[in-house]
Structures are given as C-alpha cells and as structure tokens.
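Each chain, letter by letter, is given below.
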Amino acid sequence: MSQKPPALTSPSRRAVLAAGAAVAADAAVRPLMAGEPPPPAPAVVKDLKDKTSTLTFTEIAHGLDDNHHVSPGHTTQILLRWGDPVLKGAPAWTPTTQTPEAQKLQFGYDNDYIAFMPLPYGSKSSTSGLLCINHESSRHALMFPGYPAPRPDELPKDLVDIEMAAHGHTVVKIDLKGGAWTVDPTSSFNRRTMATTEVDISGPAAGHKRMQTTEDPTGKHVLGALAGCAGGYTPWGTVLLAEENIHHFFGGDPKKTTETFGLQAMGIGTERYYGWYNYYQRFNVEKEPNEPNRFGWIVEIDPFDPAAKPVKRTALGRFKHESATIAVTRDRRIVAYLGDDEVFQFIYKFVSAKPYDAKARDLNAGLLDEGTLYAARFNADNTITWLPLIWGKGPLREDNGFDSQAEVLIDARRAAKQLGATSMDRPEDIEVHPKTGSVFVTLTKNSKRTPLMVDAANPRPRNRAGHILEIMPMGANGEVDHAATTARWRILLKGGDPAQRKSDTAYNAGITENGWLACPDNLVFDNQGRLWITTDGGNDFGIADGIWATDVDGPGRALTRHFFRCPDGGEVTGPAFTPDGTTLFCAVQHPGDIEDAHFSSAPKSWPDFKEGVPPRPSVVAIRRTDGKVIG
Ligand code: FEO
Ligand code: CA
Ligand code: CA
Ligand code: CA
C-alpha cells in the first residue's frame, strides 16, 4: 500500500498529468464516457534496447490512462472484484445499498498479497486451487456514495462495520476451465477473515502484560488480522499475512497513555485513516493502550482448514511487516525473511529452532513459535552481519527497558536499532531465487534520506525511485545457508527515469535503463528464475504502476522489461504464478484513487466502467492466448 491518505494522492493531479503527457503519447488518455466500454488493451510495442534477455514477451510502453494493459499475446481476466460473492448465501453486490452482513460474505477491499495453493493439498495442480488474498485497507470516499472527501470521523456505524468486514483476508476456491478461471462461491474451503474474526496469539509475547486488554485479560486472543500487505506461504500449506500499517486504525493521544513511546514507535497518532475508534473502544488508545501491541505481527492462516483460527506468531517480531518469505535450510529449519516497510527501518530474518517435517503436517504448526529473530547490518565491504534479537544479550537487557524476550519482540524496532542494524530505504517484499538461493529485497523509496545519511546499501540521497538489493547467504563452506549469520550483498538495480537527473551520475549509476521502473514493491520468481517486479509510485514519474520482469543472472541481469500496467490511481500487488507458470495472478489495489476521487467520479471506475459503479479493486488472471508458460 502506498503510504498516503486515501484519495489524496501526491503530487498534484495536474503535475502528474503534465509529467505523464511526455511519456504517454501512446496512451488512451481521453477519459471514457459514462457507460462506455473500456478499450481493448492496445499495448504499444517499442523496440527493445537489448536482445540478451532470456525473456521473450513483447514489452509494452510506459503510459497512464484509465485501463489496464498487458503484453500482446496475453489475456487478462478480471477474476474477483471487491463485493463479489465468495461465501455461501452471499447476495449480489449492490453499490448503493451495501450492508455489513453482505460484505461479510463478499470479496473484501484493496486486494494485496495473493497465494495460489493447489488443490488437492500437496499436489502441484495448476488448474484447481485456493486463492488466498489479503485485503489491506479500505477507502470510504471511493466505497460509499456521499463522502466526496476522506473524513473518517463522519462515517456512521453501519459504514464503519462494512469497512471492518472489507479488511482482512479471503480464501476462495478457483478452477481453470476452457482457458478461463472460475470462482466457486459454494466451496466449503471459502473463508473470510475480518476485523472481527477471532485470532489466537502464540509465541514468546503471548500473554505478556503489554498484550493484555479489558476484553482479553489473557493477552492470547485478539479480534482481527489487519493491514495485511504482502505475505508468504509455508511448505506445510499455510499462508502468512503481514500486518503493516496498523497505525491507521487507532484514535486517541499516545501521550495520554502508559504506552507513549511504544505507540509512537509504530506511528500511532500520526496518520489515522479510520473512524472505528468512535464506535469500538479497543481502537481508542486512551482507553486501551495495549490493543495496538496486538497488531503488527505475522499471522498464519490455514486455508485447508476453515475451522482453524488464524494465529499471530510473535516470535517473528512486531513492526510494519511487509513480507514473510520462507526458505528451508539444508537441515530443514525454516527461515522467514521479513521487511519492515517504513523509512529507515530494518530487514529481518527468523530461523526456527526445530526442523520442518514434510510427512507430519500438524507437527509443523508450532515451528514459527520457537527460534531466533535477526536484524541485518549491511557493511560497506558488501558483507552482512545478522544481529540476533535475544533478550539478555548485548543491549537487550532490563536496564535498557526490555523485561523479557516478549518485550524484545513487541519493541523489535527499538531492539534492532540498539543492536546497530542498518536503516533501509523502506524494505518491502523479499523473494528467494528458486535455483541459486540468492535473496532479493525491494527498497521502494526514501525521500527523507539526506546526503549525509547515505551508506553503501542505501546509496542515493532523496531516493525517490527505490532500488533492489541481492543478498547472497554465505555458509561456512561458501555454500548457500539461510541460517548463517553472515552474507554478502550487492545492488541488482536502481529505479527511476534515466532521462531525469541525467547529469547526476552518482544518482543514476546502476539505474536500469531498459524499460525503466520506479518504486519496486512486490516480487515473485518464475520457474526459470526470472524476477517479476510490481511497483507502487509510478504516478510520481508520470507513468502507471505495473509489472516488470528481468533476468537476475547472465547478460540480461537488471534489463527490466515492462509486462503489464494498471489503471490510473492503482497499484499492482500480489503477483503469484500457478506452479506450471501459465497463469500470473495480480491484484490491482485502489484503482482510480486520484486526487479528489470519490464514489461518483466515474468514468474512472475500472474495471466495470458503468455509471453509478465506483472503481473496484480486483484480482486479474493473466494468461498467454496459446496457454503456454508466461515469460
Ligand atoms: Fe502495503 Fe508496504 O505496502
Ligand atoms: Ca507493498
Ligand atoms: Ca508500497
Ligand atoms: Ca512476493
């Protein structure tokens, strides 16, 4: 999710359009008239500067308009839209007469992370599976008629209740029939997790006094998995939801609480999006100062058991989680790579104490409860030192304000800072190369880094366009070992328009010129080891956000190629391939969210383009027209 208030994009709409005009000569920038069908995807092909990439798809041009566009020779199917029925008995979506009861049975808002979990369990099916999707946020000005500006405290309780039902997670069964995907809203696997869903808390911080509230004196049970941004999945078939921007939910003044510093460390009181605290006391920190301590975790959801409660795994630390990408070590311990998406925050990894057992699924349930959390220090000699967050070691002692391992995890940001971890340019998604084991991290941007604050791994002052780092795990014998406490690093690419800041050679050194991108966010690898990158921030450069792909090895390394772009105001998230690589799912988040946009400001209403229908965040299934492997 872009870190900006809903429906208030920056820079100004005029500036974006002016910048966009230069690069969007191809784009159908004429607004569609109400009711006018969207144009067919007129992807414009440009000559490739390189012939060395292993990728063979035809590149599309940069652009910015009201629709999505994909590389020629591919189809785009709008598979799931906000409001689509996903549970038994769900009514059809009616935009002007929404109810909380209906939303609880329908697809949520602002789809983000996607996992495709093949059915049956343990198979590699690419024709049947459970699509597991996070719903990161809601935008009431775009969702509900009559709210032309984002003023959350004006929302009546029934609309707040719709919002609370539109957050969380959806599991829905899908099947590929005749080259198109179908949603099965009657499957008993289908499930919605919402702000009111019962969730357990496990691991070292469960039950700690700072996790206890009036409603839950045990500190072990909470309602909701919120702000699920990117995520991950485990080898035992569970999905990991990463709770990111939790500060948007809480009202009240942190300074009037017993938790002032802890709340401020997570940005509580600085940027509130929702008026939930007007009706639900637990979201008012002056009434319940510990409730925010129960958010900002990795949440494990078992899509194959709809009765299993989601579980917050506190051993993985509390911060603004973006991703939870799993690697398995040679001795079968589980490693989770974790990003904390805020300027000057850190990259972490968790290493389980016990090995994974592929034969006994239930035995893996507690693997993420016991192990060691590390934060990364990036050294100038291109090495990394992984610093363990262990209570009693180094500065993580009682006299420094940590009473136990629970507090080290609740205040993981403070612990990592005291250990000397490196402050990064907003770490978002992380992916592990399927063949080499190298780990790739997006650093989406950080305009707050001054020239005096640059370091080797974050080399650009005012980093508006972000970069991608490669981490090479380094075991004792030079072998890949994800549990090792050292690694090496190098930069894969830098974002930005190479035509801008031409004279600034330091800024532009290493920039990707071929089909450039800006503000990398989510990542996924294909089976051939090519990296697919989505972006969040293209509008600042006059282009739509989208999907790019690149080799990460050989002569095509860092030669990005533009594959898909989304409608104006949107952001592309959640890329996920089927196991055979013939379908690429992606999620278009907050389409049409441009300055002053609201429910009735059609024609920006992707993907329906119907009068009276607002834009709808939707999952898109991309396939080649010949059904072959994408790439
Ligand atoms: Fe939700 Fe960091 O993007
Ligand atoms: Ca993101
Ligand atoms: Ca983002
Ligand atoms: Ca990913």
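Residues numbered from 1 in each chain as written. Chains lettered and ligands numbered in written order. Predicted model: local features only at pLDDT ≥ 70, side-chain atom pairs only at ≥ 80, totals over all residues. Heavy atoms only, no water.

Here's the deal with the coordination of the calcium ion (ligand 3)
The textbook angles at a metal center are 109.5 degrees for a tetrahedron of four donors and 90 or 180 degrees for an octahedron of six.
Thought 1: The coordination sphere of the calcium ion (ligand 3) contains the protein donors E428 (OE), E428 (OE), D521 (OD) and D536 (OD), at a distance range of 2.4 to 3.1 Å.
Thought 2: One chain supplies every donor for the calcium ion (ligand 3), spaced along it as E-x92-D-x14-D.
Thought 3: Separating the calcium ion (ligand 3) from the calcium ion (ligand 2) is a distance of 3.6 Å, and E428 supplies a donor atom to each of them. A residue pair is termed long-range when its members are at least 10 positions apart, and E428 in strand β21 (residues 427-432) and D521 in strand β25 (residues 520-525) qualify at 93 residues. (Donors = N, O, S within 2.8 Å, 3.2 Å for Na, K, Ca; no water. Helix = DSSP H or I, 4+ residues; strand = E, 2+ residues; numbered from the N terminus.)

Describing the coordination of the calcium ion (ligand 4)
Thought 1: Protein coordination at the calcium ion (ligand 4): the donors are D429 (OD), E431 (OE) and L523 (O), at 2.2 to 2.4 Å from the metal.
Thought 2: Read from N- to C-terminus, the donor residues coordinating the calcium ion (ligand 4) fall into the pattern D-x1-E-x91-L. Here D429, found in strand β21, pairs with L523, found in strand β25; they are 94 residues apart in sequence, far enough to count as distant. The same class applies to D429 and to L523, which are both buried. (Buried < 20%, exposed > 50% of the residue type's maximum accessible area, 1.4 Å probe, protein only.)

Comments concerning helix α7 (residues 412-419)
Thought 1: Every buried residue of α7 is accounted for by A412, R413, A415, A416 and L419. Take α7 and look down its axis: the buried residues cluster within an arc of 165°, on one side only. (Arc of directions from axis to C-beta.)

Focus on the sheet that holds strand β14 (residues 321-328)
Thought 1: Read from one edge to the other, the open sheet built from nine strands follows the order β14-β15-β17-β18-β19-β24-β23-β22-β21, with strand pairing classed as antiparallel. Looking at strand neighbours, the two that pair on one side only are β14 and β21, the edges of this open sheet. Averaged over all adjacent pairs, the angle separating strand axes in this sheet is 30°, with direction ignored.
Thought 2: Where strand β23 (residues 467-473) and strand β24 (residues 486-494) come together, seven bridges link them in antiparallel fashion. Bridge pairing in β24 places H467 opposite K494.
Thought 3: Here α7 sits on the sheet and contacts β15 (333-340), β17 (347-355), β18 (371-378) and β19 (383-388); the angle it forms with β17, its principal contact strand, is near 100°. (Pairing = 2+ DSSP bridges. Axes fitted to C-alpha atoms, helices over the stretch in contact; angles between N-to-C directions. Contact = heavy atoms within 4.5 Å.)

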